[in-house]
Amino acid sequence: CAKKAKTAKDDKNGLPLCRMLLAELEAHRDAWPFLTPVNHKAVPGYRKVIKKPMDFSTIKEKLANNQYLNLETFIIDVNLVFDNCEKFNEDDSEIGRAGHNMRRFFDKRWTELLQ
Ligand SMILES: Cc1ncccc1N[C@@H](C)c1cnc2ccsc2c1
């Protein structure tokens, strides 16, 4: 029979947890640079530098289409948003600071929720 899920990462509660976490990310005051896909026509160089674009609306779409296996695969995409941000933006910039703030907030929330 199927292995009993050990932690919230694996069990059936994973996806409602993802929806809740995403709602909190979208509601955060520093979420504005990440709400929609970066328009690479408006941001020179973005398409060349960032190989795997990701944003909160795309994550929402993937959740709705059941494209995340579990909390783990969801966390990978959220971290991709923040890693792309660090790669493209100076730490000492509006968007760079927003990315660091959002990553700190996300790391704190999902670890709290998994305890
Ligand atoms: C996350 C990110 N990384 C690098 C560049 C942009 C962005 N965000 C987009 C929304 C964005 C944020 N701000 C502006 C200002 C003019 S176009 C534009 C697009």
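Here is a short report on the structure shown in this document. (Residues numbered from 1 in each chain as written. Predicted model: local features only at pLDDT ≥ 70, side-chain atom pairs only at ≥ 80, totals over all residues. Heavy atoms only, no water.)

Another aspect to go through is the overall build of the chain. Looking only at helices and strands, the chain features five helices and zero strands. From first element to last, N terminus to C terminus, the chain shows the α and β order α-α-α-α-α. When contacts within the chain are restricted to residue pairs at least 6 apart in sequence, long-range pairs at least 24 apart make up 66% of them. Split by element, the accessible area of the chain, about 7,500 Å² in all, is 56% carbon and sulfur. (Helix = DSSP H or I, 4+ residues; strand = E, 2+ residues; numbered from the N terminus. Contact = heavy atoms within 4.5 Å. Areas by Shrake-Rupley, 256 points an atom, 1.4 Å probe, with all protein chains shown as cover.)

Let us look at the side chain of Asn-84. Structurally, Asn-84 is set in helix H4 (residues 71–88). Within the structure, Asn-84 has its side chain in polar contact with the backbone oxygen of Lys-52 (distance 2.8 Å). Contacts of Asn-84, omitting those with residues within four sequence positions, involve Tyr-46, Ile-50, Lys-52, Pro-53 and Met-54. (Polar contact = N/O pair within 3.5 Å; in protein donor to acceptor, adjacent residues only side chain to side chain.)

Here we take up unusual backbone geometry. One non-glycine residue, Asn-66, lies in positive phi territory at about 55°. Mapped onto the elements, Asn-66 comes out in the loop between helix H3 (56–64) and H4. By relative accessible area, Asn-66 is classed as exposed at 57%. (Buried < 20%, exposed > 50% of the residue type's maximum accessible area, 1.4 Å probe, protein only.)

It is at 11 Å that the axes of helix H1 (residues 14–27) and helix H5 (residues 94–114) come closest, and there the two elements cross at 150°. Comparing the axis directions of H1 and H5 gives the class roughly antiparallel. Viewed along their axes, H1 and H5 form a crossing whose handedness is right-handed. For the pair formed by H1 and H5, the contact residues are Leu-17, Met-20, Leu-21, Glu-24 and Leu-25 on the first element and Met-102, Phe-105, Phe-106, Arg-109, Trp-110, Leu-113 and Leu-114 on the second. Residue classes in the contact of H1 with H5 are distributed as 10 nonpolar, no polar and two charged. (Axes fitted to C-alpha atoms, helices over the stretch in contact; angles between N-to-C directions. Parallel < 35°, antiparallel > 145°, perpendicular 65-115°, else oblique. Left-handed = near helix turned anticlockwise from the far one by under 90°. Nonpolar A, V, L, I, M, F, W, Y, C, P; charged D, E, K, R; others polar.)

This paragraph deals with the side chain of Asp-30. With respect to the helices and strands, Asp-30 occurs in the loop between H1 and helix H2 (46–49). Polar side-chain contacts of Asp-30 include one of 2.9 Å to the side chain of Asn-101. Ignoring sequence-local partners within four residues, the contact set of Asp-30 consists of Ala-98, Asn-101 and Met-102.

Okay, the site of the ligand next. Surrounding the ligand, one finds Pro-33, Phe-34, Val-38, Val-43, Tyr-46, Phe-88, Asn-89 and Ile-95. Pro-33 is positioned with one of its backbone polar atoms (N or O) 3.1 Å from a nitrogen atom of the ligand. Within the side chain of Asn-89, a nitrogen or oxygen atom sits 3.2 Å from a nitrogen atom of the ligand. Coverage of the ligand by the protein chains reaches 68% of its 450 Å² of free accessible surface. Here the shell around the ligand is composed, by residue class, of seven nonpolar, one polar and no charged. (Near = heavy atom within 4 Å.)

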